Amino acid sequence: MSGGEALLFWVLGPTCVLGALGLLFARKAVHAAMAMALVMVGLGIFYIAQYAEFVGIIQIFVYSGAVMMLFLFVIMTVGTESSISPIETISGQRVWGWILSLLLGGLAVYGLGKVAFPEPVGLGAAQAEGSVTALAREIFSRQVFSFEVLGSLLVIAVMGAMVLAHRERLVPRATQRELAADRVRRNTFVAGKPAPGIYARHNASDVPALLPDGTPAEVSVPRTLVARGQTVPVPYRGVDPAGTPPDAEAADTAPTGTGAGEQA
Amino acid sequence: MTITAYIYLATLLFAIGALVVLLRRNTIIVFMGVELMLNACNLALITFSRMHGNLDGQVYALFVMVVAAAEVVVGLAIIMSIYRARRSASVDDANLLKL
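The shown structure was predicted, so the numbers you read here are calculated from the model rather than taken from an experiment.

Q: Give a description of the overall build of chain A that names residues and reports values.
A: For chain A, the count of helices and strands is nine helices and two strands. Walking chain A from its N terminus toward its C terminus, one meets helices and strands in the order α-α-α-α-α-α-α-β-β-α-α. When each of the 264 residues of chain A is scored for burial, the buried share is 30%. Nonlocal contacts in chain A, meaning residues at least 24 apart in sequence, comprise 47% of its contacts between residues at least 6 apart.

Below, the structure is given as structure tokens:
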């Protein structure tokens, strides 16, 4: 390992470990995914530094590009608000997890310390005609059967994902006419839900509409904004043209971002 | 300093990945821990390839990547379908098979 490579290792190695620890300690799944992307880019650079240029570039393209993108997409769909209860279902899981993982790491390091590694040969002779050509010769001559099996594995995985992600519609989708008839039958929001910002000072979608008595109508704000806690805090100023401050009752009924329960 | 440092780094990352799998409750983060373990193995394979002057390690690392990509696709589809049925991404809520 040359001096430059050692420097790279000591800069990038701790960064990778920090990213992995970020995966362990991050509260939000999005932050964990970004930490994971950092680790993957770091590992890709390590591969390139170790003369495995093709594998390194594929690592950055496939992992930090495609796979992490897929993870972020699922986090976006599943929602970042899905809170996990901190109550342990298995007693002592946290303690035993730490103990077992530290044992695993310690045992592996102890075992590695006992191994007499040979003097590194280097890849100069193995990929004399270039990294990609040498790898292609290896894959398409000796490993060609594994390569074909992997191709069929990918096709099967795609089909499995399609089957799993497909949702059969059990009942036909309600039409607009049926929805309107249902509203009239239940006598709720017969004229539709109030739009946000009506009679309020702003007409942005995060400002609740005001009812005739001046109280904000929480139902008018999109529930996504309520779940994120991104609604504008009421009371508003200047609701009353006479200039009287809004009463305390309006402040009590303010939407405070606790609408996550009605998300389902 | 020899290139065995890479192997120690891979061991550390693997242990952290195992810790993530054991401790975290969010299914997606648990899945990322599995990915971290696979990546740590890839780093060790690449290092062994360089150590022995043999391209087998690189080929295996590529194959591991392909298998991991297939695994991610199917695993995330399963997470999505469980989320649709249960409205939860916690590993504790997926107890459909429990008596």
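Further notes follow.
Q: Now, about a positive patch on the surface: what can you tell me, with residues and values included?
A: On the surface, Arg167(A), Arg169(A), Arg173(A), Lys193(A), Arg223(A) and Arg87(B) cluster together into a patch of positive charge. Note that Arg167(A) resides in the loop between α6 (144-165) and α7 (176-186).

Q: So, the nonpolar core: which residues are in play, and what are the values?
A: Here is a general trend for soluble globular proteins: nonpolar side chains tend to be buried in one another's company. Judged by nonpolar contacts, the single largest core of 68 residues is most densely connected at Phe46(A), Val55(A), Phe71(A) and Met32(B). For Met32(B), the residues in contact, after removing those within four places along its chain, are Leu23(A), Ala29(A), Ala32(A), Ala33(A), Met36(A), Met68(A), Phe71(A) and Ile75(A).

Q: Give me helix α1 (residues 3-25) of chain A: which residues, what numbers.
A: The terminal C-alpha atoms of α1(A), which comprises 23 residues, lie 33 Å apart, in line with the 33 Å expected from a rise of 1.5 Å per residue. Residues of α1(A) that are buried: Glu5(A), Ala6(A), Phe9(A), Leu12(A), Gly13(A), Cys16(A), Val17(A), Gly19(A), Ala20(A), Leu23(A) and Leu24(A). Tucked into the core, α1(A) has its buried residues touching α2 (29-49) and α4 (93-114) of chain A together with α1 (4-23) and α2 (27-52) of chain B.

Q: Run through the confidence of the model for chain A, naming residues and quoting values.
A: All names here are of chain A. On average, residues of chain A score 82 in pLDDT, and 84% of them are at 70 or above. The spread of mean pLDDT over the elements of chain A runs between helix α9 (residues 248-252), the lowest at 46, and α2, the highest at 93. Low pLDDT, under 50, characterises residues 238-264; the predicted model gives this stretch 24 contacts beyond four residues in sequence or across chains.

Q: Break down helix α3 (residues 53-78) of chain A for me, citing the residues and quoting the values.
A: Here α3(A) spans 36 Å end to end across 26 residues, near enough to the 38 Å set by a 1.5 Å rise per residue. Its axis deflected by about 30° at Met68(A), α3(A) carries its strongest bend there.

Q: Provide a residue-level description of a nonpolar patch on the surface, including the pertinent values.
A: Taken together, the side chains of Val95(A), Trp96(A), Ile99(A), Leu100(A), Leu103(A) and Leu22(B) make up a nonpolar region of the molecular surface, amounting to roughly 570 Å² of accessible area. Looking at the nonpolar patch, the element that brings in the most residues is α4(A), giving five residues. As for its placement among the helices and strands, Trp96(A) is situated in helix α4. In this structure Trp96(A) comes out as exposed when scored by relative accessible area, which is 52%.

Q: Explain the packing of α6(A) against helix α3 (residues 56-86) of chain B to me, and be specific about the residues and the numbers.
A: The geometry of α6(A) relative to α3(B) is characterised by a closest axis approach of 9 Å and an angle of 10° between their N-to-C directions. One element, α6(A), and the other, α3(B), form an angle in the roughly parallel class. On α3(B), the residues that touch Ser146(A), Phe147(A), Leu150(A), Leu153(A), Leu154(A), Ala157(A), Ala161(A), Leu164(A) and Ala165(A) of α6(A) are Phe63(B), Val66(B), Val67(B), Ala70(B), Val73(B), Val74(B), Ala77(B), Ile78(B), Ser81(B) and Arg84(B). Here the residues of the contact of α6(A) with α3(B) are counted per class, giving 16 nonpolar, two polar and one charged.

Q: Got a sec to walk through the packing of aromatic side chains? Specific residues and values, please.
A: A complete count under the given rule lists seven aromatic pairs over all chains for this structure. Ring geometry for Phe71(A) against Phe31(B): centres 5.8 Å apart, planes inclined by 55°, an arrangement best described as tilted. Of this pair, Phe71(A) sits in helix α3 while Phe31(B) sits in helix α2, which puts the two residues in different chains. For the pair Phe71(A) and Phe31(B), one class covers both residues: buried.

Calculation criteria
- Residues numbered from 1 in each chain as written.
- Chains lettered and ligands numbered in written order.
- Predicted model: local features only at pLDDT ≥ 70, side-chain atom pairs only at ≥ 80, totals over all residues.
- Heavy atoms only, no water.
- Helix = DSSP H or I, 4+ residues; strand = E, 2+ residues; numbered from the N terminus.
- Buried < 20%, exposed > 50% of the residue type's maximum accessible area, 1.4 Å probe, protein only.
- Contact = heavy atoms within 4.5 Å.
- Patch = residues over 30% accessible without salt bridge, like charges linked within 9 Å, V, L, I, M, F, W, Y side chains within 5 Å.
- Areas by Shrake-Rupley, 256 points an atom, 1.4 Å probe, with all protein chains shown as cover.
- Salt bridge = Lys/Arg side-chain N within 4 Å of Asp/Glu carboxyl O.
- Lys, Arg positive; Asp, Glu negative; His and termini not counted.
- Charge placed at Lys NZ, Arg CZ, Asp CG, Glu CD.
- Core = buried A, V, L, I, M, F, W, Y, C linked by side-chain atoms within 4.5 Å.
- Expected span 1.5 Å × (residues − 1).
- pLDDT = per-residue confidence, 0-100.
- Bend = angle between axes of the 7 residues up to and from the residue.
- Axes fitted to C-alpha atoms, helices over the stretch in contact; angles between N-to-C directions.
- Parallel < 35°, antiparallel > 145°, perpendicular 65-115°, else oblique.
- Nonpolar A, V, L, I, M, F, W, Y, C, P; charged D, E, K, R; others polar.
- Phe/Tyr/Trp six-rings, centres within 6.5 Å; stacked < 30°, edge-to-face > 60°.

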